Amino acid sequence: MFLEIPDGKDPITYVWGELVPGIGPAASTLAMSVYEHSTLGLREFEAARLRIAQVNGCLFCQDWRTERDGQRVEDTFDRAVQDWRTTRDFDDRTRLAAEYAERYALDHHGIDDGFWQRMRTHYSDREIVELSMCLGSWLAFGRLNRVLGLDAACVLPSHAGQA
């Protein structure tokens, strides 16, 4: 991390809460809202979130697993997300969530009518908007954390020393 963090301050709390007080807490509220208020199923939520994490390269985001009602995706889920095109572990909704995340992050101009037809077969308009807002949050804030090196400040044990 190249930011100067005052001694004794937690880097995440300092950057997201104190450094830019007019923006950071509001951004943090948005970032947390996608977890607290999402109505998407856990598998499609995690497929989209993890694909954005993989594209961003955020170490913490790649290690994180969302938990709902004591449930998490299986330990091999991240590998299935990376192989979303060919994995047999995904239903159509989960595969589309991973595809949408990748296209949203890397080729949003290439999202065509054929893709939207497939999405609308499996997702309602409300779900598409919700998923799009989640993707925007993860793309922006995961990338912010990675670019500023904050992902190394909140790394889970499996990525220690990989920043």
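Described in the following lines is the structure provided in the data block. Bear in mind the structure is a predicted one, so any value in this text is a computation, not a measurement.

All right, on to the nonpolar core then. Ranked by size, the top nonpolar core spans 30 residues in total, and within it Met-119, Tyr-123, Leu-131, Leu-135 and Trp-138 carry the most contacts. The set of elements that each furnish at least two residues to this core consists of helix 3 (42-56), helix 5 (77-82), helix 6 (92-106), helix 7 (113-122) and helix 8 (125-147). Filtering out sequence-adjacent residues up to four positions away, Leu-135 remains in contact with Ala-48, Ile-52, Tyr-100, Ala-101 and Tyr-104. If you look at the next biggest cluster of nonpolar residues, it comprises seven residues, including Tyr-14, Val-15, Trp-16 and Ala-31.

Right, let's talk about the packing of aromatic side chains for a bit. Counting across every chain of the model gives 10 aromatic pairs. Geometrically, the ring pair formed by Tyr-35 and Phe-45 is edge-to-face, given 5.6 Å between the ring centres and 75° between the ring planes. Linking Tyr-35 in helix 2 (residues 24-36) with Phe-45 in helix 3, this pair joins segments that are 10 residues apart in sequence. Measuring from ring centre to ring centre gives 5.3 Å for Phe-77 and Phe-90, while their planes differ by 45°; the resulting arrangement is tilted. You can see Phe-77 sitting in helix 5 and its partner Phe-90 sitting in the loop between helix 5 and helix 6, a full 13 residues away along the chain. The pair Phe-77 / Phe-90 is uniform in exposure class, with both members buried.

Turning our eyes to something else, we now look at the packing of helix 3 against helix 8. Relative to each other, helix 3 and helix 8 sit at 30°, their axes nearing to 9 Å. By the angle between their axes, helix 3 is roughly parallel relative to helix 8. As for the relative orientation of helix 3 and helix 8, their crossing is right-handed in sense. Facing helix 3, whose interface residues are Phe-45, Ala-48, Arg-49, Ile-52, Val-55 and Asn-56, helix 8 presents Leu-131, Cys-134, Leu-135, Trp-138, Leu-139, Gly-142, Arg-143 and Arg-146. Residues of the contact of helix 3 with helix 8, tallied by class, amount to nine nonpolar, two polar and three charged.

What counts, and where the lines are drawn
- Residues numbered from 1 in each chain as written.
- Predicted model: local features only at pLDDT ≥ 70, side-chain atom pairs only at ≥ 80, totals over all residues.
- Heavy atoms only, no water.
- Core = buried A, V, L, I, M, F, W, Y, C linked by side-chain atoms within 4.5 Å.
- Buried < 20%, exposed > 50% of the residue type's maximum accessible area, 1.4 Å probe, protein only.
- Helix = DSSP H or I, 4+ residues; strand = E, 2+ residues; numbered from the N terminus.
- Contact = heavy atoms within 4.5 Å.
- Phe/Tyr/Trp six-rings, centres within 6.5 Å; stacked < 30°, edge-to-face > 60°.
- Axes fitted to C-alpha atoms, helices over the stretch in contact; angles between N-to-C directions.
- Parallel < 35°, antiparallel > 145°, perpendicular 65-115°, else oblique.
- Left-handed = near helix turned anticlockwise from the far one by under 90°.
- Nonpolar A, V, L, I, M, F, W, Y, C, P; charged D, E, K, R; others polar.

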